[in-house]
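# Chain and residue survey
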Amino acid sequence: MTDVHGTTATGWEPVRDAFAENFARRGERGAAVVVHHHGRKVVDLHAGTADVDGTAPWTGRTAQIVRSATKGVAAAVPLLLHQRGLVDLDAPVGTYWPEFKAAGKERVLVRHLLAHRAGVPVLDTPLTPAQAVDGVSGPRAVAAQAPAWEPGTDHGYHAQTYSWLLGELVLRITGRTLGEWTADEISGPLGLDLWIGLPAAERHRAGRIGDVEPPAPAGAPGLRIRPKRAVADAYADPSSLTRRAFAAIDPAPDENDPAYRAAELPASAGIATAEALSRFYAALIGDVEGGGRRLFAPATLTLARTEESAGPDRVLVSTTRFGLGYMLHGPASPLLGPGSFGHPGRGGCLAFADPESGVSFGYVTNGMQKNVTADARAQALVRGVARALAG
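Nothing here was measured: the structure is a model prediction, and the numbers come from that model.

Per the secondary structure count, the protein includes 13 helices and 14 strands. A compact globule built from 391 residues would reach a C-alpha radius of gyration of about 21 Å, and the protein, at 20 Å, matches this within 12%. Split into buried and exposed, the 391 residues of the protein put 56% on the buried side. Long-range contacts, defined as pairs at least 24 residues apart, comprise 67% of the intrachain contacts of the protein with a sequence gap of at least 6. On the protein, roughly 15,200 Å² of surface is accessible, and the fraction owed to carbon and sulfur atoms is 52%. Separation between the mean location of the 39 positive side-chain charges and that of the 40 negative ones in the protein comes to 3 Å.

Taken as a whole and assessed by the stated rule, the structure comprises 24 salt bridges. E202 is the salt-bridge partner of R205, the closest N and O atoms lying 3.3 Å from each other. Take E202: its relative accessible area is 22%, and that puts it in the partly exposed class. The residue R321 makes a salt bridge to E307 at a minimum N-O spacing of 2.7 Å. Note that R321 is positioned in strand β9 (residues 319–322) and E307 in the loop between α12 (298–305) and β8 (309–312), a separation of 14 residues in sequence. R321 gets classed as partly exposed once you look at its relative accessible area, which sits at 24%. Residue E307 is classed as partly exposed on the basis of its relative accessible area of 43%.

This paragraph deals with the packing of helix α1 (residues 13–25) against helix α13 (residues 376–390). Across the interface, α1 lies against α13 with an axial gap of 7 Å and an inter-helix angle of 160 degrees. In terms of orientation, α1 lies roughly antiparallel with respect to α13. For the element pair α1 and α13, the recorded crossing hand is right-handed. Along its contact with α1, which presents P14, V15, A18, F19 and N22, the element α13 presents R377, A380, L381, G384, V385, R387 and A388.

Moving on: the sheet that holds strand β5 (residues 194–195). Pairing in this open sheet of 3 strands is antiparallel, and the strands run β4-β7-β5 from one edge to the other. Each edge of the open sheet is held by one strand with a lone partner, namely β4 (64–65) and β5. Examined bridge by bridge, β4 and strand β7 (residues 271–272) share 2 bridges and lie antiparallel to one another. Within β7, the position partnered with Q64 by the bridge is A272.

With that out of the way, let us pick up helix α7 (residues 178–190). Here α7 spans 17 Å end to end across 13 residues, near enough to the 18 Å set by a 1.5 Å rise per residue. As for α7, its buried residues are in contact with α2 (69–83), α6 (162–174), β5 and α11 (274–285). Positive phi appears at G191, one or two residues downstream of α7, with a value of about 70 degrees.

For the rest of this paragraph, the subject is the environment of W195. Turning to its location among the elements, W195 is positioned in strand β5. Sequence separation between W195 and A262 is 67 residues; the distance between their C-alpha atoms is 9.0 Å. In this structure, W195 is in contact with A63, E202, R205, G270 and I271, ignoring residues within four places of it in sequence.

The rules we used
- Residues numbered from 1 in each chain as written.
- Predicted model: local features only at pLDDT ≥ 70, side-chain atom pairs only at ≥ 80, totals over all residues.
- Heavy atoms only, no water.
- Helix = DSSP H or I, 4+ residues; strand = E, 2+ residues; numbered from the N terminus.
- Rg over C-alpha atoms; globule rule 2.2 N^0.38 Å.
- Buried < 20%, exposed > 50% of the residue type's maximum accessible area, 1.4 Å probe, protein only.
- Contact = heavy atoms within 4.5 Å.
- Areas by Shrake-Rupley, 256 points an atom, 1.4 Å probe, with all protein chains shown as cover.
- Lys, Arg positive; Asp, Glu negative; His and termini not counted.
- Charge placed at Lys NZ, Arg CZ, Asp CG, Glu CD.
- Salt bridge = Lys/Arg side-chain N within 4 Å of Asp/Glu carboxyl O.
- Axes fitted to C-alpha atoms, helices over the stretch in contact; angles between N-to-C directions.
- Parallel < 35°, antiparallel > 145°, perpendicular 65-115°, else oblique.
- Left-handed = near helix turned anticlockwise from the far one by under 90°.
- Pairing = 2+ DSSP bridges.
- Expected span 1.5 Å × (residues − 1).

Right, dumping it as structure tokens:
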């Protein structure tokens, strides 16, 4: 059995039980989970190794790349700019970024970017890893790209292009990069170990991630849960929107490369601790212990979790639901309840808030399993939260 370290408030033991089971039964290597309840930290656990392929222990300060869980942090930036009266969500993106109007995108609205309705989840010419992080090639490519469908009429997950869409929009409006704005206005004031663009001085905090196979279900050696045929076919087809969206950077970047981690890719390359993710979401819905002030006004919170996109997703080939920048509770990404909003990271990580129960949740792992939106380990922890709330 892997030793579990940290604290659990009375009544929250079901989360600790689920966390320990993840190591015993679900192939966990190194991970952390933190839960806040009405702004107070009630679960703070970590175990395993900091590196997926190493032996050094995970500590309370270990951070990891959280892939698309970064999108939930990035989405807060344009929403907070809107809250401050600096951006109109119903204005064309070209109002702020004139070059974006090219190739039939004149009517793409800011809200379309946030809700994955802009129609540009793919690039006709994928970017190299070096181009993806240079801060120029990505925005130029999405600005020139013709949409794959009439913008605003349907939705499809913008897996990689979300980085350059939101990043350039924020830069044009504020004069600061999205990573700089996050550091100045969110991470700094809240005391978060969370970066979109990891500083060199913090490199030692971030562990190595890697792909791991989940164990076979008990009693069925060799059996693996297989994706639906349509999903498997979409990922296998080089011409599909699914395959092309995830391959907008080609070849796939080395996510452990310091240069990649230092780049500002708000779709996929944020570095965070579980504590930072949970505290961030706690601050979206209320004040947080230790002096953290609420970020979202009630109207902004409503925008974040009001359904903007729902139904068959052209990229993920499953039924997804999005508010403005956030995945909502649904079959593709089960969260705590109907009012929950947040974002998973491909392979495992998950962060969200549930305003009705006052819960915020952050789970970070270094062992990336084959899933996009609903990891078995994360779901076990969410069920543990539900059991704790039920008493």
